[in-house]
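# Summary of the model geometry
Here is what each chain is made of, one letter per residue.
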Amino acid sequence: MTPTYDENWFASRATSGIRALKAYDPGHDVVALRNARQWLVELGSNENPYGPSPRARAAVLDALHLMHRYPDPRGAALKAALAAEHGVEPSRILLGNGSHELLMQLAQVFAGPGDDVVYPQYGFAVFALATRASSANARVAPASPDDAPMPLGHDVDALLAAITPSTKLLYIANPNNPTGTWINPASLRRFVDAVPHDVIVVVDEAYAEMADAPDYATALPLARERGNVVVTRTFSKAYALAGLRCGYLVAAEGLVAVMERVRESFNVNSLALAACEAALGDVEHLAWSRERNAEQRTALTAALAARGIRVLPSQTNFVLAHFGDTTPAIEAELLERGVILRPMGGYGLPAYSRITVGTLDENRRLLQALDEVLA
Ligand SMILES: *Cc1c(COP(=O)(O)O)cnc(C)c1O
């Protein structure tokens, strides 16, 4: 009998990890909404509303005349710029089609059936996706409690306790998405010191360039010191180049060499390579964008708190806000008014919404709509 070639049939032919997997949920269909409404305030995807450096735009226009050619398969110029920026050899850098691709490939390369991968509860959704896709076992470490100084954040001791002899890989995000919380440098160092030497520790630093708290520190020095520490970064957030898809990791030369074996040869396109290199050179624009974001994050946090809404501490360009039982109703009514938040049910946080910090005008629109809804 001919099978019905539907999703179920193909899932039954897929590897065990893929069978149990659900596709990444991008939130609302923003493209459809964009067409339907004029004054959309998109606060669902943590994009940077200020846009990239003008130098990045100019570099893209310059690169257009070569788009019939393949990009540099090694991304040498961008790697050299990143190497100079971080004080590492270019051989310790791997470029990805977004850091999402690198997070997936780390599990593809280093974990498989019978292996454990550890990541935190309320950690970035891609950690679970990458683990399942590689058919490895997920070991989810409980988050810190709601009344901890860093509520729902990463609990370093719980992460350590989740490590087994079968653990190959461990993911954390610092600062974390969707909570916005961060790990202080002393805890991070203590954590890395205590992780067994044969476990690869991935520190996803998608928001690092936005963090300005005195008790935040990048793990890059740890990645330089220790072979088993990997730091991932992206051009999608602070550099405002989400549409071009480019991220990178900094790790031991040997790790990069093994990851190269599965990298698609032209994974980062020529426009992205040119734009990212130019954006990296514009430190003033980055600083300006970071300051605007920090200013608006403080203002938005205060404005929500003034309305009796609890907001978690954040070192990112979003805040996690507690709306309790009324969360779905508030999200729906804000959507009616053209304001998009990110529902958190998929993260097991249905009483919260994640709100990207917008521009002054966008945040005003949000608060105005929220006041109407709460009235
Ligand atoms: C946005 C985000 C990324 C991925 O971004 P890319 O666009 O794929 O580079 C990675 N990690 C976290 C925690 C993020 O929030």
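Residues numbered from 1 in each chain as written. Predicted model: local features only at pLDDT ≥ 70, side-chain atom pairs only at ≥ 80, totals over all residues. Heavy atoms only, no water.

## Points about the overall build of the protein
The number of helices and strands found in the protein is 15 helices and 13 strands. What you see for the protein is a C-alpha radius of gyration of 21 Å, in line with the 21 Å of a compact globule of 375 residues. With respect to the three principal axes, the spread of C-alpha positions in the protein is 60 × 60 × 50 Å. Counting all 375 residues of the protein, 54% fall into the buried class. When contacts within the protein are restricted to residue pairs at least 6 apart in sequence, those whose partners lie at least 24 apart make up 74%. Accessible area for the protein stands at about 16,800 Å²; split by element, carbon and sulfur atoms hold 55% of it. Measuring between centres, the 33 positive side-chain charges of the protein sit 3 Å from its 41 negative side-chain charges. (Helix = DSSP H or I, 4+ residues; strand = E, 2+ residues; numbered from the N terminus. Rg over C-alpha atoms; globule rule 2.2 N^0.38 Å. Buried < 20%, exposed > 50% of the residue type's maximum accessible area, 1.4 Å probe, protein only. Contact = heavy atoms within 4.5 Å. Areas by Shrake-Rupley, 256 points an atom, 1.4 Å probe, with all protein chains shown as cover. Lys, Arg positive; Asp, Glu negative; His and termini not counted. Charge placed at Lys NZ, Arg CZ, Asp CG, Glu CD.)

## Focus: the site of the ligand
Surveying the vicinity of the ligand reveals the residues Gly-98, Ser-99, His-100, Phe-124, Asn-177, Asp-204, Ala-206, Tyr-207, Thr-234, Ser-236, Lys-237 and Arg-245. Within the side chain of Tyr-207, one N or O atom sits 2.6 Å away from an oxygen atom of the ligand. A distance of 2.7 Å is found between an oxygen atom of the ligand and a side-chain nitrogen or oxygen belonging to Arg-245. Coverage of the ligand by the protein chains reaches 92% of its 390 Å² of free accessible surface. Of the residues contributing to the shell around the ligand, the split by class is three nonpolar, six polar and three charged. (Near = heavy atom within 4 Å. Polar contact = N/O pair within 3.5 Å; in protein donor to acceptor, adjacent residues only side chain to side chain. Nonpolar A, V, L, I, M, F, W, Y, C, P; charged D, E, K, R; others polar.)

## Thoughts on the pattern of salt bridges
Throughout the structure, instances matching the rule amount to 18 salt bridges. Where Arg-297 meets Asp-212, a salt bridge forms, and the shortest distance between an N and an O atom there is 3.3 Å. Within this pair, whereas Arg-297 is found in helix 13 (residues 283-306), its partner Asp-212 is found in the loop between strand 6 (200-204) and helix 10 (220-225), the two being separated by 85 residues in sequence. Assessed through its relative accessible area of 6%, Arg-297 is described here as buried. Judged by relative accessible area, Asp-212 falls into the partly exposed class, the value being 43%. (Salt bridge = Lys/Arg side-chain N within 4 Å of Asp/Glu carboxyl O.)

## Remarks on the packing of helix 6 (residues 99-110) against helix 7 (residues 125-133)
Working note: a packed helix pair is described by the angle between its axes plus the distance between those axes. At a minimum axis separation of 8 Å, helix 6 and helix 7 run at an interaxial angle of 40°. Considering only the axes of helix 6 and helix 7, their crossing is right-handed. Listed contacts from helix 7 to His-100, Leu-103, Met-104 and Ala-107 of helix 6 are Val-126, Phe-127, Leu-129, Ala-130, Thr-131 and Ala-133. Its residues assigned to classes, the contact of helix 6 with helix 7 comprises eight nonpolar, two polar and no charged. (Axes fitted to C-alpha atoms, helices over the stretch in contact; angles between N-to-C directions. Left-handed = near helix turned anticlockwise from the far one by under 90°.)

## As for helix 7
Residues of helix 7 that are buried include every one of Val-126, Phe-127, Ala-128, Leu-129, Ala-130 and Thr-131, and no others. Close packing links the buried residues of helix 7 with helix 6, strand 3 (116-120), strand 4 (137-141), strand 5 (167-173) and strand 6.

## Examining the sheet that holds strand 2 (residues 93-96)
In space, the seven strands of this open sheet follow the order 2-8-7-6-5-3-4, with mixed pairing throughout. Strand pairing shows two members of the sheet lacking a second neighbour, strand 2 and strand 4, which therefore form its edges. Going across the sheet, the axis of each strand differs from the next one's by a mean of 20°, ignoring polarity. Pairing between strand 3 and strand 4: five bridges, direction parallel. Each bridged residue has a counterpart across the sheet, and for Tyr-119 the counterpart in strand 4 is Val-140. Relative to the sheet, helix 6 contacts strand 2, strand 5, strand 6, strand 7 (229-234) and strand 8 (247-250), its axis offset from that of strand 5 by approximately 165°. (Pairing = 2+ DSSP bridges.)

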